[in-house]
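# Summary of structural features
Listed below, chain by chain, are the residues.
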Amino acid sequence: MFLALIFAAPVMNAQETAEKTKTKQKKKRKNKYKLPDIDLSHWKVTIPAGDPAEVEPPEILDYATNETLKKYMYNDSVRGTLVFYAEPAATTANTKYSRSELREQIEPGNNNVNWTFKEGGKMKGRLVMGNVSQAKDGKYHKVMIMQIHGRLTNEQRDLIGQKDNNAPPILKIYWDNGKVRVKTKQLKDLSMSDTEILKTGSWKDDKGFNFDEKVDFRPFTLEVKVSEGKLVVGLNNSQYKVYDDIHIEKWGVFENYFKAGNYFQTRDEGAFAEVKYFELEVSH
């Protein structure tokens, strides 16, 4: 006769089962939680709140708990992006649109240290368009997502009798109804003197350039490279637009800084847009 030995598996009670399920759910949530790969120690942000509000380093590093920023700059922990939200609201000097946008600061907290084309620089970002409103014609509202902005030195400002250090943006990159559109500046008259070209009114927008690829609401990579007399913009490492003409050469007189985020291009009531950055890096 053989004796059958039966070992019964331990039976968990209801509390133990619930705790095990809860632990599994926590682990699952933890694995899904993602953060953007962006160092904000050399950026300040302007948002459409206050008149408007600006937050510089080191305060910007705590953006996730900053009550002023929460609506306009926050993490999407599912996609792992830093979200810039904008709607028609407060604007800055020399502008008519609102923004939730980063401004490069080579020296944290100081706008007076910038760079020239001769010194060069590179900005690279991986981003995706989030929710965005539509105009009456059915097209999505346009959003500026990257810039290179010019800046006068104090000496140049005083030379032309201007009240501030503002100069035009040499590069504007838009998300335009699913396409990436690029615009630069050109001198209205190439015979202008070195003093005359410092004035904003001496420059005009070029005709603009659209990349062939339609990015729509898919992630894409933008890279901007600057060197003496040359500006290159690349989309997804596959198509490039090169500017190396006399206008870029003349632009060498200005200092510059990079910008990235959401500079919303409409004042339509009820409009809104989200721009989401996975990565953003700058080097000089």
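The structure under discussion appears in the preceding block.
Residues numbered from 1 in each chain as written. Predicted model: local features only at pLDDT ≥ 70, side-chain atom pairs only at ≥ 80, totals over all residues. Heavy atoms only, no water.

### Some words on the pattern of salt bridges
Opposite charge on two side chains lets them pair, provided their charged atoms get close. For the structure shown, the criterion picks out 12 salt bridges. A salt bridge links E67 to K70, with the nearest nitrogen and oxygen atoms 3.0 Å apart. Its relative accessible area of 61% is what places E67 among the exposed residues. The closest approach of N and O atoms between D205 and K185, which form a salt bridge, is 2.7 Å. One end of the pair, D205, is in strand β11 (residues 203-205); the other, K185, is in strand β10 (residues 179-187), with 20 residues separating them in the sequence. Taking the relative accessible area as the measure of exposure, D205 reaches 32% and is therefore partly exposed. Several salt bridges converge on common partners, so that one network encompasses K172, K183, K185 and D205. (Salt bridge = Lys/Arg side-chain N within 4 Å of Asp/Glu carboxyl O. Buried < 20%, exposed > 50% of the residue type's maximum accessible area, 1.4 Å probe, protein only. Helix = DSSP H or I, 4+ residues; strand = E, 2+ residues; numbered from the N terminus.)

### Remarks on the pairing of strand β5 (residues 81-86)
Burial analysis of β5 places six of its six residues in the buried class, which makes it a mostly covered element. When strand β4 (residues 73-76) meets β5, the two strands line up antiparallel, connected through four bridges. Along β5, the bridge assignment pairs M73 with F84. Taking the residues between adjacent antiparallel strands as the criterion, β4 and β5 are bridged by four residues, where G80 takes a positive phi near 75 degrees. Pairing between β5 and strand β17 (residues 273-283): five bridges, direction antiparallel. Within the sheet, the bridge partner assigned to L82 lies in β17 and is Y277. (Pairing = 2+ DSSP bridges.)

### Points about the packing of aromatic side chains
Evaluation of the coordinates by the stated rule reveals 12 aromatic pairs. Three or more aromatic residues link up through ring pairs in this structure, and these residues are W115, F117 and F258. Between the NZ or CZ atom of R99 and the centre of the ring of Y263, over which it lies, the distance is 3.8 Å. Over the ring of F209 we find K241; its NZ or CZ atom is 5.0 Å from the centre of that ring. (Phe/Tyr/Trp six-rings, centres within 6.5 Å; stacked < 30°, edge-to-face > 60°. Lys NZ or Arg CZ within 6 Å of the ring centre and 35° of its normal.)

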